[in-house]
Amino acid sequence: LLALLHTRIAGEETGLLVRLDPGFRRSVRYSPKPGVDKDVIYFLGFPTGGNPAVQKEEIREMRWLPGAEALRLVTYDNDRQVLEGAIAYLGRERKA
């Protein structure tokens, strides 16, 4: 059920149909303003269809980039750690 919820959210925010990889999951906690804490759970998803369309309230920009190039653009340390983990995970999966 959780995977269904996350694929629906991904579709709403990106316009893409995705297949989630259950082997990768990372959580990040951050504070967007004083007194407010948010938890974000990241998954790897692979597009299976749909038409890219960004939900501007949630996503500023969407691009397909090689991992090293994406790392150069990430501005928050939490996000950089998640992306580094995803790149390492994908590297291990290709070797398996």
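Here the structure is a predicted model, which is why all the values come from computation and not from measurement.

Engineer: Outline the side chain of Thr14, listing residues and values.
Structural biologist: Within the secondary structure, Thr14 is located in helix H1 (residues 2–14). Take Thr14: its relative accessible area is 14%, and that puts it in the buried class. Excluding residues within four positions of it along the chain, Thr14 makes contact with Asn51, Pro52, Ala53, Val54, Ile59 and Met62.

Engineer: Give a description of the environment of Phe24 that names residues and reports values.
Structural biologist: Summarising the element assignment, Phe24 is placed in strand E1 (residues 16–33). A relative accessible area of 1% places Phe24 in the buried class. Distance from Phe24 to Leu44, taken between C-alpha atoms, is 6.1 Å for residues 20 residues apart in sequence. In this structure, Phe24 is in contact with Tyr42, Phe43, Leu44, Val82, Gly85, Ala86 and Tyr89, ignoring residues within four places of it in sequence.

Engineer: Outline the packing of aromatic side chains, supporting the account with residue identities and numerical values.
Structural biologist: Counting across every chain of the model gives 1 aromatic pair. Aromatic pair Phe24 and Tyr89: ring centres 5.6 Å apart, planes at 50°, arrangement tilted. With Phe24 in strand E1 and Tyr89 in helix H3 (residues 77–95), this pair connects stretches of sequence that are 65 residues apart.

Reading guide: rules and limits
- Residues numbered from 1 in each chain as written.
- Predicted model: local features only at pLDDT ≥ 70, side-chain atom pairs only at ≥ 80, totals over all residues.
- Heavy atoms only, no water.
- Helix = DSSP H or I, 4+ residues; strand = E, 2+ residues; numbered from the N terminus.
- Buried < 20%, exposed > 50% of the residue type's maximum accessible area, 1.4 Å probe, protein only.
- Contact = heavy atoms within 4.5 Å.
- Phe/Tyr/Trp six-rings, centres within 6.5 Å; stacked < 30°, edge-to-face > 60°.

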